[in-house]
Amino acid sequence: MTSTLGRVYHITAFSWYAFVVKCLAAKDGEKLPPGIFVYGGPWKYLTFLNLLLQMSFFGLAALNDLQAGKKSETTLSRCKDLLFSVFAFPVGMFVVLLFWTIFAYDRELVYPATIDTFFPPWINHAMHTFVLPVLLGEVLVQPHIYPQTKHALAALGVVGLAYLFWIIWVFLSVGIWVYPLLGHFSTAGLAGFFFFNMSAVTLFYLLGDKLNSRVWSKDMNKTTANKQ
């Protein structure tokens, strides 16, 4: 039953994210508010990159479900677990919670009202709301093997720095910050904001590890016992 539920869940989630990404990609080239897709298109937005990340994970999970035998020992399964634990869960949680926190304070800092004319509310929620319950559902549907914490955090740090350099490059190239909020910071402020963000992502990684252990502790203990 759990295996069947997992298959259905992964295929449904993958199809949903593929649909959302297709809808967003179709907007590229339309007459949008100035600066939205200039230089890099949607690829400069963490929200869009996160959608691709979620779609990739659920696609990989769906492929893994098709494998016969001991799936937990295959390379595909290990890649799936790595993608979920280190990137999909912490980054997805971060995008949702940080976006709505800033939005509640002043939406113009992260999602200006002019965007509503071009992106209907359902797309906003698809990008910034539904990601969270879908991730929590994955925690309940299937256990994941987490890597050593120091290796996971090192990987997150490298990816975080890469994205920071990317948005700085966009600013230096066209003079537009990916998010209006960034224009309010000094150089020191940007460094502090980046440190805060990485700290939050780290906490979400640890949260995912804790939830996974709590929900699947009995199954993990059985697996360990069988290997001994």
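Shown above is the structure to which this text applies.
Okay, so let's go over this structure. Keep in mind the model is a prediction, meaning the values are calculated, not measured. (Residues numbered from 1 in each chain as written. Predicted model: local features only at pLDDT ≥ 70, side-chain atom pairs only at ≥ 80, totals over all residues. Heavy atoms only, no water.)

Remarks on the overall build of the chain
Filter applied, for reference: For the purposes of this entry, the term helix denotes a DSSP run of H or I that reaches at least four residues, the term strand denotes a run of E that reaches at least two, and both are numbered from the N terminus. Think of it in three bands: residues with accessible area under 20% of the maximum for their type are buried, residues over 50% are exposed, and the middle band is partly exposed, with areas taken using a 1.4 Å probe on protein chains only. We call two residues in contact when some of their heavy atoms are within 4.5 Å. Methods summary: accessible areas were calculated by the Shrake-Rupley approach with a probe of 1.4 Å, and residue burial reflects only the protein chains presented.
Check the secondary structure of the chain and you find 7 helices and 0 strands. Mapped in sequence order, the helices and strands of the chain form the string α-α-α-α-α-α-α. For the chain, the proportion of its 228 residues judged to be buried stands at 43%. Summarising the internal contacts of the chain: among those between residues at least 6 apart in sequence, 78% fall at separations of at least 24. Carbon together with sulfur atoms contributes 70% to the accessible area of the chain, which is approximately 12300 Å² in total.

Thoughts on the packing of helix 2 (residues 46–65) against helix 5 (residues 131–141)
Applied cut-off: As a rule, the C-alpha atoms of each element are fitted with a line to give its axis, helices using only the stretch in contact, and angles between N-to-C directions run from 0 to 180 degrees. By the definition adopted for this analysis, an angle is roughly parallel if under 35 degrees, roughly antiparallel if over 145, roughly perpendicular if from 65 to 115, and oblique otherwise. What makes a crossing left-handed is the near helix being turned counterclockwise from the far one by less than a right angle; a clockwise turn instead makes it right-handed.
Between helix 2 and helix 5, whose axes approach to 12 Å, the crossing angle comes to 25 degrees. Considering their axes alone, helix 2 and helix 5 lie roughly parallel with respect to each other. Seen from above, helix 2 lies across helix 5 with left-handed handedness. Residues N50, Q54, F57 and F58 of helix 2 form the contact with helix 5, whose own contacting residues are V131, V134, L135 and E138.

Some words on the nonpolar core
Counted only if it meets this: The definition of a nonpolar core used throughout is a set of buried Ala, Val, Leu, Ile, Met, Phe, Trp, Tyr and Cys residues joined through side-chain atoms within 4.5 Å.
Counting residues in hydrophobic clusters, the biggest one holds 61 residues, and the most contacted among them are L24, F84 and L156. Of all the elements in the fold, those that place two or more residues in this core are helix 1 (2–27), helix 2, helix 3 (75–106), helix 4 (121–128), helix 5, helix 6 (149–174) and helix 7 (187–227). In terms of residue count, helix 3 provides more of this core than any other element does, 13 residues in total. Every residue in contact with L24, bar those within four places of it in the chain, is listed here: F37, F48, L51, F119, I123 and M127.

Regarding helix 3
Counted only if it meets this: Expected helix span is given by 1.5 Å per residue-to-residue step, counting one fewer step than there are residues. Fitting axes to the seven residues that end at a residue and to the seven that start at it, the angle between those axes gives the bend at that residue.
Between its first and last C-alpha atoms helix 3 spans 44 Å; for 32 residues at 1.5 Å apiece the expected length is 46 Å, and the two agree. Of all the bends in helix 3, the greatest, near 40 degrees, is centred on F84.

Concerning helix 2
Relative to the 28 Å expected for 20 residues at 1.5 Å per residue, helix 2 spans 28 Å between its end C-alpha atoms, a close match to the ideal helical length. With 15 of 20 residues buried, helix 2 lies mostly within the body of the structure.

A word on the pattern of salt bridges
Let me state the cut-off plainly: Take a side-chain nitrogen of Lys or Arg and a carboxyl oxygen of Asp or Glu: if they are within 4 Å of each other, that pair is a salt bridge.
Here the structure, examined in full by the defined rule, presents 2 salt bridges. Measuring nitrogen to oxygen at the nearest pair gives 3.2 Å for the salt bridge that ties D81 to K80. D116 is the partner of R107 in a salt bridge, and the nearest nitrogen-oxygen pair spans 2.9 Å. The partly exposed category is assigned to D116, whose relative accessible area is 37%.

Describing the environment of V141
Relative to the assigned elements, V141 resides in helix 5. Accessibility expressed as a relative area gives 8% for V141, which makes it buried. Sequence spacing of V141 and H10 is 131 residues, and the spatial spacing of their C-alpha atoms is 9.4 Å.

Let's talk about the packing of aromatic side chains
Stated formally: For Phe, Tyr and Trp, rings pair up if their centres lie within 6.5 Å, where Trp contributes its six-membered ring, and each pair is then called stacked (planes under 30 degrees apart), edge-to-face (over 60) or tilted (otherwise).
In the structure shown here, the tally under the stated rule is 20 aromatic pairs. Here the aromatic rings of F57 and F58 are separated by 4.8 Å at their centres, their planes lie at 70 degrees, and the arrangement is edge-to-face. Across the pair, exposure class does not vary: F57 and F58 are buried alike. With a centroid separation of 5.5 Å and 50 degrees between ring planes, the pair formed by Y146 and Y205 is classed as tilted. Residue Y146 is located in the loop between helix 5 and helix 6, and its partner Y205 is located in helix 7; the two are separated by 59 residues in the primary sequence. Judged by relative accessible area, which is 0%, Y205 ranks as buried. Grouped by ring-pair contacts, the aromatic residues Y9, Y17, F57, F58, F84 and F89 constitute a single cluster.

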